[in-house]
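# Residue-level structural notes
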Amino acid sequence: MVKAFFNGQKLPRFMTYTNLVLLPKKKEVNMTISLSNFINKVFSRVIHVRLRQILPENLAVHIIDHIAPPGVQDELDIPYWMLETQGIFLVKSAWERMRYFMPSKCWCCVDPEEENIAYVFFRSNAAVRVWTYFQSCAGLMMGESLHQEVLKCWKAQVSTSLQALVRVRKPQLQDIPHKWHDLLKFLEHYMPKMKVDKVLWEFPKEGWNKVNSDGASRGNPGRSTIGFYVRDDRGDIIHAYGQEIQDTTNTEAEAMAILEALRYCYVHHLSNIWLETDSMLLKNVIMERWSILWVIIEHVEEIRRLMVLCHARISHIFRERNKMVDHLANYVLDTGPIVSDLFAQLDPT
């Protein structure tokens, strides 16, 4: 049967069909049954078996026993796509994961051929139907090669759309070229008007304390450190701190640096905190303007809670004015942890 399958024949229906039936143990159920919880149990069993097949036993056991996606409090059954840091399903990541386990021969077609670019995107049954549908809408005829089809669609749709996009982003531009190479050359030689901003570190208001934080990750992910310092309204350093953390990414290191800074302020009863970070991503995530990344959900929730307790606000600062704490985080990578309550105790290099 396996040989027949790889020779192009279809599998019997009893092998390709799956029936899923929920059998309640009680006649009357007084609570809501979460279908996703049931599905999670089924999938977790399949994933456990698969992990033991593709990974060494010690790694598979470690992942099964210790690694799980973080949850969100007071919410039920929120799926996260673990192949993306944002937890959102993308076809690209699914394809990159599945392509290593797929056969090199396209078995989903009536007359399967080798899965090369021309077949998958031009000669296969699905590709022919897609090309025919969109070409009929544009008034085009099916060509002989993938190259011809791409050129036809480019001239009919893409080139015009790109010109319109350039006009929207750069309305002052005139005589935008139609051909791709000319358009590239035109944009490469375009010189926009320069805007210069003076970047200065600002003193906090009287009675306020200012916190600057940063995280560093060499390799991203790789060896990671955090650093922060707290200054009073006269600009004097109250506390400076830097230490190495577990291997992680830049984003998670930045989040952990902010969290440790707020924990210090809360423990030492510091309020009216002005928090500055050079990560625009974290600033907008903490202010709930952008969607949260699943890998830092727990850190962000704790940051928001401490900001309320410490009466804190957060703002973005350019990297050029955050060099001191950036040096602090990189100093820990090169030399070791540092804790100081005076500016003079910090390494001048």
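Everything in this summary refers to the structure shown in the same document. Since the model is a prediction, treat every value here as computed from it, not as a measurement.

### Focus on the overall build of the protein
When you go through the protein residue by residue, the secondary structure sums to 13 helices and 6 strands. Relative to its full complement of 349 residues, the protein shows a buried share of 30%. Across the protein, every contact between residues at least 6 apart in sequence was considered, and the portion connecting residues at least 24 apart equals 55%. Carbon and sulfur atoms make up 58% of the accessible area of the protein, which amounts to about 25,000 Å² in all.

### Points about the pattern of salt bridges
Overall, the coordinates contain 9 salt bridges when judged by the stated rule. Residue Glu57 pairs with Arg52 through a salt bridge whose shortest N-O separation is 2.5 Å. We note a salt bridge from Arg319 to Asp278, for which the minimum N-O separation is 3.7 Å. A residue pair is termed long-range when its members are at least 10 positions apart, and Arg319 in the loop between strand E5 (312-316) and helix H13 (323-334) and Asp278 in the loop between strand E4 (273-277) and helix H11 (280-286) qualify at 41 residues. Overall, the relative accessible area of 52% leaves Arg319 in the exposed class.

### A few points about the pairing of strand E3 (residues 237-248)
Pairing analysis gives 9 bridges linking strand E2 (residues 222-231) to E3, with the strands arranged antiparallel. Following the sheet pairing, Gly222 is matched in E3 by Thr248. Following E2, the chain reverses through 5 residues before pairing antiparallel with E3; Gly235 in that reversal takes a positive phi of roughly 90°. One ladder, built from 3 bridges, connects E3 with strand E6 (residues 338-340); its direction is antiparallel. Looking at E6, one finds that Tyr241 is bridged to Val339.

### Observations regarding the sheet that holds strand E1 (residues 209-218)
Taken in spatial order, the 6 strands line up as E5-E4-E1-E2-E3-E6 in an open sheet, and their pairing is mixed. Both outer strands of the open sheet, E5 and E6, are each paired with one neighbouring strand and no more. Averaged over neighbouring strand pairs, the angle between their axes works out to 20° when direction is ignored. Inspection of the sheet shows E1 paired to E4 by 4 bridges, in the parallel sense. Bridged to Asn209 within E4 is Ile273.

### Examining unusual backbone geometry
With omega at 5°, the peptide bond leading from Asn220 into Pro221 counts as cis. Note that Pro221 resides in the loop between E1 and E2. The backbone phi angle of Asn220 is positive, close to 40°, even though this residue is not glycine. Mapped onto the elements, Asn220 comes out in the loop between E1 and E2.

### A word on the packing of aromatic side chains
The full count for this structure, using the stated rule, is 4 aromatic pairs. Measuring from ring centre to ring centre gives 5.4 Å for Trp201 and Phe203, while their planes differ by 75°; the resulting arrangement is edge-to-face. By relative accessible area, which is 13% here, Trp201 ends up buried. With relative accessibility at 52%, the residue Phe203 sits in the exposed group. Here the aromatic rings of Phe228 and Tyr264 are separated by 6.2 Å at their centres, their planes lie at 50°, and the arrangement is tilted. Taken together, the residues Phe228 in strand E2 and Tyr264 in helix H10 (residues 250-267) connect sequence positions 36 residues apart. Residue Phe228 is classed as buried on the basis of its relative accessible area of 2%. What makes Tyr264 buried here is its relative accessible area of 14%. Taken together, the ring pairs in this structure connect Phe228, Tyr241 and Tyr264 into an aromatic cluster. Here the guanidinium or amino end of Arg231 rests over the ring plane of Trp201, the centre of that ring lying 4.6 Å away.

Thresholds applied
Residues numbered from 1 in each chain as written. Predicted model: local features only at pLDDT ≥ 70, side-chain atom pairs only at ≥ 80, totals over all residues. Heavy atoms only, no water. Helix = DSSP H or I, 4+ residues; strand = E, 2+ residues; numbered from the N terminus. Buried < 20%, exposed > 50% of the residue type's maximum accessible area, 1.4 Å probe, protein only. Contact = heavy atoms within 4.5 Å. Areas by Shrake-Rupley, 256 points an atom, 1.4 Å probe, with all protein chains shown as cover. Salt bridge = Lys/Arg side-chain N within 4 Å of Asp/Glu carboxyl O. Pairing = 2+ DSSP bridges. Axes fitted to C-alpha atoms, helices over the stretch in contact; angles between N-to-C directions. Phe/Tyr/Trp six-rings, centres within 6.5 Å; stacked < 30°, edge-to-face > 60°. Lys NZ or Arg CZ within 6 Å of the ring centre and 35° of its normal.

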